[in-house]
Amino acid sequence: MSDAPRPPRRAERVVEVGLAGDAATDTILGDLHQEFDERVAGGGALRARAWYWLVALELAARYRLRALRRRLPGDAEGESRWRVGATDLLGELRYGFRMLRKTPLVSLAAILTIAVGIGMTVQTFSIVHGTALRGVPLPGGERLVQVRTKNPDTGSRNQSVPYHDFLEMRERVSAFESVGSVYTGTLNLAGEGGPPERYDGGWVSADSLSWLGVPPELGRVFLPGEDREGAEPLLVL
Amino acid sequence: MGTKSFLGEFEQMLLLAILRKGDEAYGVEVRRELEECTGKSVTRGAFYTTLDRLQSKGYLTWEKKPVEGRRGGRPQRHFEVTEEGLEELRRVREAFDNLWEGLDHVVARSR
């Protein structure tokens, strides 16, 4: 058995599949084998294999595209708007691909620019979609409204609502089905004898979890009145 | 006056390369002849699919020739231009000759 390098079998298989039973397949594989041997002698087996793969992919793509074009509907003379249009399109794609190969640095810069542009567009859309289009990911989230305040003295906007304002708002505002308060932050919790651990959490009015529609992991949500002044501090997980 | 379209540029070059190689008109040799004469590289995909197209038009024929001891034992194709192919080449050349007639001085002056 000869130890001479031979064309990569998988690349040969790519050619066979691409040519899909074409009568000349064995002769084309023979041509490629002949050139492969010459390239091994001239530049080494590794470069010859890389070359073979490139040619195999190009050949397979070309034959598959041709087969695709032939399947498009044609009239009696073998040409139709579909076929002519597809031929034009493929020609343009081939021309574009050749131009990309001809100026690799410019192509790389263009591809990177497009990639950055797409990335920024996707990022912007994700933010807009997450904050403005999708709404709050809660049951009935489209009906939830967050109320913020503005300080007319300092001109600062988007401020939290003071608790006494919230209490008054809950009493007087009739535009909402329900009014609750949520103030998020981090909490340090410690069990008996154990070291404290830090958790994300928040302080809420008693009915907030009910209208947020968020079930507790354990036990029950707060009952009405459990947020009254002087009540025992309660925790819901 | 006929309405039949002419051979494409690459098709003409391919038929001429086959004619130039004569008895040695095998795939690899024809492609090399084409590259050497035109000074341009020819992709295998374009080369083989154009050969198929010319054969389907009846402008060339090919037959397999067995090869031993190289090419992985695979046969090679020997190409031959048919009389129809020659006639098409003549037709193209005649059209170009007509167009070129009387223009030698124009080309000479612009050089």
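By convention here, each chain's residues receive numbers from 1 onward along its written sequence. Chains and ligands are labelled sequentially in the order written, the chains with letters from A and the ligands with numbers from 1. Restriction of local features to residues with pLDDT of at least 70 applies here, the model being predicted, together with a cutoff of 80 or more for giving and counting side-chain atom pairs; totals for whole chains, interfaces and linings are based on all residues. Note that the side-chain values use all heavy atoms of the structure and ignore hydrogens as well as water.

## Some words on the overall build of chain B
Phase 1: In terms of regular secondary structure, chain B is built from 5 helices and 2 strands.
Phase 2: Working definition: helices are DSSP H or I runs of at least four residues, strands are E runs of at least two. Numbering for both runs from the N terminus. The linear arrangement of helices and strands in chain B, starting from the amino end, is α-α-α-β-β-α-α.
Phase 3: Throughout, a residue-residue contact means that at least one pair of heavy atoms, one from each residue, lies within 4.5 Å. Taking the intrachain contacts of chain B between residues at least 6 apart in sequence as the baseline, contacts between residues at least 24 apart amount to 55%.
Phase 4: Carbon and sulfur atoms make up 50% of the accessible area of chain B, which totals about 7000 Å². Method for areas: the Shrake-Rupley scheme with a 1.4 Å probe, in which residue coverage is limited to the protein chains shown.

## Let's talk about the pattern of salt bridges
All names here are of chain A.
Phase 1: The term salt bridge refers to a pairing of a side-chain nitrogen on Lys or Arg with a carboxyl oxygen on Asp or Glu at a separation within 4 Å. According to the stated counting rule, one finds 22 salt bridges over all chains in the structure shown.
Phase 2: The residue aspartate 227 makes a salt bridge to arginine 170 at a minimum N-O spacing of 3.8 Å. Of the two residues, aspartate 227 sits in the segment after α7 (208-212) while arginine 170 sits in helix α6 (residues 163-172), which places them 57 residues apart along the sequence.
Phase 3: Burial classes: relative accessible area under 20% of the type maximum marks a residue as buried, over 50% as exposed, and values in between as partly exposed (1.4 Å probe, protein chains only). For aspartate 227, a relative accessible area of 24% puts it in the partly exposed group.

## Some words on the environment of tyrosine 26 of chain B
All names here are of chain B.
Phase 1: Residue placement: tyrosine 26 occurs in the loop between α1 (9-21) and α2 (27-38).
Phase 2: Residues tyrosine 26 and arginine 77, 51 residues apart in the sequence, show an inter-C-alpha distance of 5.5 Å.
Phase 3: Apart from the residues within four sequence positions on either side, tyrosine 26 is in contact with Lys65, Gln76, Arg77, His78 and Phe79.

## Details of the interface of chain A and chain B
Phase 1: Between chain A and chain B, the residue contacts involve 25 residues of the former and 21 residues of the latter.
Phase 2: Computed with a 1.4 Å rolling probe, the buried area is the accessible surface lost when two parts are put together, summed over both parts. Interface area lost by chain A to chain B is led by Thr27, Asp31 and Gln34 of chain A, which between them contribute 26%.
Phase 3: Counting the contacts that link chain A with chain B gives 7 salt bridges.
Phase 4: As used in this structure description, the phrase polar contact means that two N or O atoms lie within 3.5 Å; if the pair is within protein, one of them must be able to donate a hydrogen and the other to accept it, and residues adjacent in sequence are counted only when both atoms belong to side chains. Counting every contact that joins chain A to chain B gives 15 residue pairs in polar contact (both at pLDDT 80 or more).
Phase 5: Counting only elements with at least two residues in the side of chain A that touches chain B, the list comes to α2 (25-43) and α3 (45-71) of chain A.

## Here's the deal with the environment of aspartate 22 of chain A
Phase 1: Tracing the chain through its elements places aspartate 22 of chain A in the loop between α1 (9-19) and α2.
Phase 2: Excluding residues within four positions of it along the chain, aspartate 22 of chain A makes contact with Tyr63 and Arg66 of chain A together with Asp52 of chain B.

## Here we look at α1 of chain B
Residue and element names in this part refer to chain B.
Phase 1: With 13 residues, α1 ought to run about 18 Å at 1.5 Å a step, and its terminal C-alpha atoms sit 19 Å apart, in line with that.
Phase 2: Buried residues belonging to α1 abut α2, α3 (44-56), β1 (60-65), β2 (76-81) and α4 (83-100).
Phase 3: Downstream of α1 by one or two residues, glycine 22 has phi in the positive range, about 55°. A helix is expected to reach a length of 1.5 Å times the quantity of its residues less one.

## Things to note about the nonpolar core
Phase 1: For this analysis, a nonpolar core means a set of buried residues of the types Ala, Val, Leu, Ile, Met, Phe, Trp, Tyr and Cys, connected via side-chain atoms within 4.5 Å. Tyr52 and Leu59 of chain A together with Leu14, Leu15, Ile18, Phe47 and Leu51 of chain B are the most contacted members of the largest nonpolar core, which totals 35 residues.
Phase 2: Put simply, the parts of the chain that give this core at least two residues each are α1, α2 and α3 of chain A together with α1, α2, α3, β2 and α4 of chain B.
Phase 3: Tallying contributions element by element places α3 of chain A first for this core, with 7 residues.
Phase 4: With sequence-adjacent residues up to four places away left out, leucine 14 of chain B is seen in contact with Val30, Leu34, Phe47, Thr50, Leu51 and Leu54 of chain B.

## Brief notes about a nonpolar patch on the surface
Phase 1: On the surface, Leu189, Tyr199, Leu218, Leu235 and Leu237 of chain A cluster together into a nonpolar patch covering about 510 Å² of accessible area.
Phase 2: You can call leucine 235 of chain A exposed: its relative accessible area is 56%. Surface patches are defined over residues having more than 30% relative accessible area and no salt bridge, joining like charges when they lie within 9 Å and nonpolar side chains (Val, Leu, Ile, Met, Phe, Trp, Tyr) when within 5 Å.

## Quick word on the side chain of threonine 27 of chain A
Residue and element names in this part refer to chain A.
Phase 1: Secondary-structure assignment places threonine 27 in helix α2.
Phase 2: The buried category is assigned to threonine 27, whose relative accessible area is 0%.
Phase 3: Separated by 2.6 Å, the side chain of threonine 27 and the backbone oxygen of alanine 24 make a polar contact.

## A word on the confidence of the model for chain A
Phase 1: pLDDT is defined as a per-residue confidence score from the predictor, taking values between 0 and 100. Looking at chain A as a whole, its pLDDT mean stands at 84, while 93% of the residues score no less than 70.
Phase 2: Looking over chain A, one finds the lowest element-wise mean pLDDT in helix α4 (residues 81-102) of chain A, namely 75, and the highest in α1 of chain A, namely 94.

## Focus: the packing of aromatic side chains
Phase 1: Any pair of Phe, Tyr and Trp rings, taking the six-membered ring for Trp, is counted once the centres come within 6.5 Å. Such a pair is stacked with planes under 30 degrees apart, edge-to-face with planes over 60 apart, and tilted for the rest. This model, assessed by the stated rule, comprises 5 aromatic pairs over all chains.
Phase 2: Geometrically, the ring pair formed by tyrosine 163 of chain A and phenylalanine 166 of chain A is tilted, given 5.5 Å between the ring centres and 45° between the ring planes. Linking tyrosine 163 of chain A with phenylalanine 166 of chain A, this pair stays in helix α6, spanning 3 residues, or about one helical turn.
Phase 3: Their ring planes at 45° and their centres at 6.0 Å tell us that tyrosine 183 of chain A and tryptophan 203 of chain A sit as a pair that is tilted. With tyrosine 183 of chain A in strand β1 (residues 182-189) and tryptophan 203 of chain A in strand β2 (residues 197-204), this residue pair connects regions lying 20 residues apart in the sequence.
Phase 4: For tyrosine 183 of chain A, a relative accessible area of 52% corresponds to the exposed category.
Phase 5: Aromatic rings pair up to connect Phe36, Trp51 and Tyr52 of chain A into one cluster.
Phase 6: Above the face of the tryptophan 62 of chain B ring, arginine 77 of chain B is positioned so that its terminal group lies 4.8 Å from the ring centre. Put simply, a charge is over a ring when the Lys NZ or the Arg CZ is close to the ring centre, within 6 Å, and near the line of the ring normal, within 35 degrees.

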